[in-house]
Amino acid sequence: MSETVRTQLRVRASELEGRGWLNTGGKSLDLESLRGKIVLLDFWTFCCINCLHVLDELRPLEEKYSDVLVTVGVHSPKFEHEADPVALASAVERYEIHHPVLDDPELATWKAYTARAWPTLVVVDPEGYIVAHLSGEGHADGLAVLLEELVAEHEAKGTLHRGDGPYVAPVPTSGTLRFPGKATQLENGNYLVVDSGHHRLVELRPDLETVERVIGSGTKGYLDGQAEIAQFNEPQGVALLPAELAWKLGYDAVVADTVNHRLRGVTLSSGYVQTVAGNGVQRLLDAGPARVTETGAGVWSQHDGSENHRSEHQDVKHHDAKHHDAGPADFAADAVDVGVLGRGDGVSLSSPWDLVWSEKLQRVVIAMAGTHQIFAFDPLTREVSILAGSGLEGLLDGVAEEAWFAQSSGLAIDAEGNIWVADSETSALRRLVVSDSGVTVETAVGKGLFDFGFRDGEAAEARLQHPLGVTVLPDGSVAIADTYNGAVRRYDPATKSVSTLARGLAEPSDVVVVQVDGSEPLLVVVESNKHQLVLVPIPKEAQQVDEGASQTHRPKSPVVPGTVELAVRFKAPTGQKLDDRWGDPTQLKISSTPPELLVSGGGTSVGLLRTLELSPDVPEGILHITARAAACDGPETEDGEIPDHAACHLYQQDWGIPVILQADGESELVLDLRGMD
């Protein structure tokens with residue numbers, strides 16, 4: 001049997017230090033006050049989609065073990081805006097976090113627990129000792145086993161104290177809308193707004209205040225039906241379909257029902273809601289690229305011909321761009337080259353965030369934030385496919401299947417039919433160029449996962465901060481909802497320059513161009529943290545702002561120049577076994593910034609151990625490390641094999657490790673994917 005995730009070392013948990021606490025009624029907590037409880041530390045940051053997934057994964061555990069488990073969210077910000085205590089309080093309310101949250105803007109507790117990635121989970125037993133250290137998402141099943149073990153052990157020892165935890169609900173703040181996501185203008189001049197925090201759609205009149213009608217009951221959940229009873233779960237995006245297509249389908253709009261991992265069709269005449277794609281099961285990358293080539297391209301599982309079944313382990317083939325023998329519509333739907341995932345509710349999606357109708361592709365294009373990819377949906381056939389993205393998180397341009405994205409959250413189509421993307425975690429503006437030979441990805445603004453700022457000017461040096469929305473202006477330039485800078489920015493493709501159209505906004509999440517009675521165009525901005533839509537003029541002379549470029553500041557790991565041994569530790573939880581039926585089920589992909597830092601040891605290969613050679617001529621940089629491991633459920637058979645039809649799980653985490661080279665640095669770098677030795 002597989003070993004438990006627990007460590008055999010008796011490591012005392014460090015104290016919880018930070019600027020302050022939320023969800024405790026103003027009370028400060030420490031580990032002594034939590035003694036007798038199982039404490040789950042969730043190191044998170046509110047920009048991170050994987051962190052948001054973990055919040056939802058933990059909710060059933062928090063409910064089931066409410067009398068013995070205390071979850072403490074340790075908010076360790078990536079972006080400058082996330083260090084703002086007001087922004088953090090809004091995020092805690094927005095995501096309905098029902099446990100105490102420690103505000104850790106200086107990363108004091110992050111450093112004390114040697115966290116290296118968002119999200120990281122640390123389990124502390126009732127006596128105050130660390131028993132598990134986990135990175136990434138997908139750990140709920142293993143945690144459930146561990147919690148049962150800890151409850152039994154400490155109940156027997158008399159060290160477990162049952163009772164209520166320290167959570168105190170905050171006073172809610174909102175109005176007609178609550179943290180709205182995207183909006184679109186209807187033919188009648190009204191606006192269809194995705195009222196994310198109220199789990200519904202709201203049609204507002206042109207004054208942006210009067211409610212024409214509501215679609216959805218406002219109850220968080222999942223239910224198809226008439227407007228009064230339908231349920232959504234934190235929907236974010238909406239796209240209108242062409243009238244002729246809508247007539248054929250019987251619905252006019254498609255909604256990205258984000259936390260339900262579904263697309264919903266809405267008939268505007270009646271308000272009826274139906275599911276058009278997604279089975280509600282979060283898609284993980286084991287359903288995307290099965291492997292990764294040395295170039296970063298995904299190696300895609302072949303389609304099995306079934307509408308609603310996809311084997312966990314199918315034969316794979318390397319993609320060759322020469323295989324494209326048709327236009328871009330076929331490219332998006334090519335079962336061999338890119339991967340038709342299935343149809344309708346036979347497909348798993350992962351946090352669809354925005355969508356837009358592409359006349360050129362004859363599909364709905366979807367920003368699939370949870371897998372860092374761009375998907376496509378054909379409403380007529382209900383076919384779901386991958387348009388671009390290998391599934392690896394980062395910023396990499398090139399042919400569609402080799403490109404890297406990072407939590408893409410906004411989409412817009414320009415006059416040529418190309419697709420603009422607000423790529424939030426890289427603070428970048430990207431473009432998908434759609435041509436007869438296929439789709440390629442370009443970056444207009446942005447540098448990488450850890451680079452951001454507020455800087456106008458030449459696009460190569462300009463900086464954004466976690467943009468969520470994008471639209472194309474009448475002159476062909478692009479307006480960007482630069483969310484964490486509280487601004488609307490403008491990118492001019494002709495001059496390749498960036499300027500600022502408006503600032504002082506509260507986390508703008510979308511921007512819509514409107515023109516009333518032939519007047520000058522205006523912008524309708526969704527000001528999410530003020531729960532409202534506002535009209536903003538497009539200035540004749542845009543501002544030029546330079547508040548600098550920044551990088552995410554995390555502790556740099558001192559390592560020696562030359563040989564460094566990398567080890568990623570992984571233990572399958574009790575009841576699972578590493579799936580070695582098709583060879584080594586573990587994999588490392590390694591690169592560096594700058595590339596010259598890594599002399600050897602880069603690329604993709606199996607195993608969780610790697611010898612790296614670091615250049616003595618590069619004083620510091622970032623090691624980009626992606627680790628994967630596959631494990632399957634079920635008791636072993638008599639011959640020790642995993643049973644047929646066992647449920648399998650993919651564990652994956654991406655790290656960006658800042659390193660500084662010095663003679664007295666470490667010659668070993670150890671990361672935890674799951675568990676400790």
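A brief report on the enclosed structure follows. (Residues numbered from 1 in each chain as written. Predicted model: local features only at pLDDT ≥ 70, side-chain atom pairs only at ≥ 80, totals over all residues. Heavy atoms only, no water.)

**Focus: the sheet that holds strand E19 (residues 352-358)**
In any sheet, the strands associate via hydrogen bonds between backbone groups, in a parallel or an antiparallel arrangement.
Consideration 1: Across the sheet, which stays open at both edges, the 5 strands sit in the order E18-E22-E21-E20-E19 with antiparallel pairing between neighbours. The sheet is open, and its two borders are formed by strand E18 (340-343) and E19, each paired with just one other strand. Direction aside, the axes of adjacent strands within the sheet are offset by 30 degrees on average.
Consideration 2: Pairing geometry for E19 and strand E20 (residues 363-368), over 6 bridges, is antiparallel. Residue Asp354 lies in a different strand from E20, and its bridge partner there is Ala367. (Pairing = 2+ DSSP bridges. Helix = DSSP H or I, 4+ residues; strand = E, 2+ residues; numbered from the N terminus. Axes fitted to C-alpha atoms, helices over the stretch in contact; angles between N-to-C directions.)

**Describing the sheet that holds strand E36 (residues 532-537)**
Consideration 1: Overall, antiparallel pairing links the 3 strands, which are arranged E34-E35-E36 in an open sheet. At either margin of the open sheet sits one strand with a lone partner, and together these are strand E34 (508-514) and E36. Taking the axes of each pair of neighbouring strands and ignoring which way they run, one obtains an average angle of 25 degrees across the sheet.
Consideration 2: Strand direction decides the pairing type here: E34 and strand E35 (residues 522-527), joined by 6 bridges, are antiparallel. Bridging from a neighbouring strand, Val512 pairs with Val524 of E35.

**Concerning the nonpolar core**
Consideration 1: Counting residues in each nonpolar core, the largest one holds 46 residues, and the members touching the most others are Leu16, Leu41, Phe43, Trp44, Phe46, Val72 and Tyr113.
Consideration 2: If you list the elements that add at least two residues to this core, you get strand E2 (20-22), strand E3 (38-44), helix H1 (49-64), strand E4 (69-75), helix H2 (85-94), strand E5 (101-103) and strand E6 (120-124).
Consideration 3: With sequence-adjacent residues up to four places away left out, Phe46 is seen in contact with Leu52, His75, His81, Glu82, Ala87, Leu88, Ala91, Tyr95, Tyr484 and Glu507.
Consideration 4: Among the nonpolar cores identified, the runner-up in size contains 29 residues, and Leu608, Leu614, Tyr651 and Leu661 belong to it. (Core = buried A, V, L, I, M, F, W, Y, C linked by side-chain atoms within 4.5 Å. Buried < 20%, exposed > 50% of the residue type's maximum accessible area, 1.4 Å probe, protein only. Contact = heavy atoms within 4.5 Å.)

**Side note on a negative patch on the surface**
Consideration 1: A cluster of acidic side chains, namely Glu565, Asp664, Glu666 and Glu668, defines a negative patch on the protein surface.
Consideration 2: Within the secondary structure, Glu666 is located in the loop between strand E46 (648-661) and strand E47 (668-674). (Patch = residues over 30% accessible without salt bridge, like charges linked within 9 Å, V, L, I, M, F, W, Y side chains within 5 Å. Areas by Shrake-Rupley, 256 points an atom, 1.4 Å probe, with all protein chains shown as cover. Salt bridge = Lys/Arg side-chain N within 4 Å of Asp/Glu carboxyl O. Lys, Arg positive; Asp, Glu negative; His and termini not counted. Charge placed at Lys NZ, Arg CZ, Asp CG, Glu CD.)

**Here we look at the pairing of strand E11 (residues 211-215)**
Walk down a regular strand and you will see the side chains alternate between the two sheet faces.
Consideration 1: Where strand E10 (residues 200-204) and E11 come together, 4 bridges link them in antiparallel fashion. Bridge assignment links Leu204 to a residue of E11, and that residue is Val211.

**Here's the deal with empty space enclosed by the protein**
Consideration 1: All chains considered together, the criterion is met by 4 cavities of 30 Å³ or more.
Consideration 2: Approximately 200 Å³ is the volume attributed to the largest cavity.
Consideration 3: Looking at the largest cavity, it is lined by 22 residues, and the ones nearest its centre are Arg94, Tyr95, Trp353, His466 and Leu468.
Consideration 4: Counting residues per element, the lining of the largest cavity draws most heavily on H2, at 4 residues.
Consideration 5: The volume enclosed by the second largest cavity comes to roughly 120 Å³.
Consideration 6: Along its surface, the second largest cavity is lined by 14 residues, and Leu52, Asp56, Tyr95, Glu234 and Val259 are the ones closest to its centre. (1 Å grid on protein atoms, 1.4 Å probe; cavity = no way out; pocket = protein on both sides within 12 Å on 5 of 7 lines; lining within 4 Å. Points joined across faces, edges and corners; volume = space filled by probe spheres on them.)

**Brief notes about the pattern of salt bridges**
Charged atoms that come close allow side chains of opposite charge to pair.
Consideration 1: For the coordinates displayed, the defined rule picks out 28 salt bridges.
Consideration 2: The partner of Glu155 in a salt bridge is Arg162, and the shortest N-O contact between them spans 2.9 Å.
Consideration 3: Given the relative accessible area of 46%, Arg162 is considered partly exposed.
Consideration 4: The salt bridge partner of Asp456 is Arg489, with a shortest N-O separation of 2.8 Å. Linking Asp456 in the loop between strand E28 (451-455) and strand E29 (457-458) with Arg489 in strand E32 (residues 487-492), this pair joins segments that are 33 residues apart in sequence. The two residues Asp456 and Arg489 agree in class, both being buried.
Consideration 5: Residues participating in the shared-partner salt-bridge network are Glu93, Glu96, Arg178, Lys220 and Glu234.

**Quick look at H1**
Consideration 1: For H1, spanning 16 residues, the distance from its first C-alpha to its last is 24 Å, which sits close to the expected 22 Å at 1.5 Å a residue.
Consideration 2: Remark: the principal bend of H1, roughly 30 degrees, maps to Leu58, with a proline, Pro60, within the next four residues.
Consideration 3: Among the residues making up H1, those that are buried are Ile49, Asn50, Cys51, Leu52, His53, Val54, Leu55, Glu57, Leu58, Leu61 and Glu62.
Consideration 4: On its buried face, H1 is in contact with E3, E4, E6, helix H4 (140-157) and E19. (Expected span 1.5 Å × (residues − 1). Bend = angle between axes of the 7 residues up to and from the residue.)

**Some words on the side chain of Asp354**
Consideration 1: Here Asp354 is to be found in strand E19.
Consideration 2: A polar atom in the side chain of Asp354 sits 2.9 Å from the backbone nitrogen of Leu411.
Consideration 3: Ignoring any residue separated from it by four or fewer positions in sequence, one finds Asp354 in contact with Lys182, Gly237, Val238, Ala256, Val365, Ile366, Ala367, Ser409, Gly410 and Leu411. (Polar contact = N/O pair within 3.5 Å; in protein donor to acceptor, adjacent residues only side chain to side chain.)

**Describing unusual backbone geometry**
Consideration 1: Between Trp118 and the following residue, Pro119, the backbone shows a cis peptide bond with an omega angle of -5 degrees.
Consideration 2: Examined against the element boundaries, Pro119 turns out to sit in the loop between helix H3 (108-112) and E6.
Consideration 3: Here the residue pair Thr593 and Pro594 is connected by a cis peptide bond, since its omega of -5 degrees sits within 30 degrees of zero.
Consideration 4: One can find Pro594 in the loop between strand E41 (586-593) and strand E42 (598-600).
Consideration 5: Phi angles above zero are rare outside glycine, and Asn23 is one such case at about 65 degrees.
Consideration 6: Within the element layout of this structure, Asn23 appears in the loop between E2 and E3.
Consideration 7: Since its relative accessible area comes to 7%, Asn23 is described here as buried.
Consideration 8: The phi torsion at Leu208 lies on the positive side, around 70 degrees, for a residue other than glycine.
Consideration 9: Of note, Leu208 is situated in the loop between E10 and E11.

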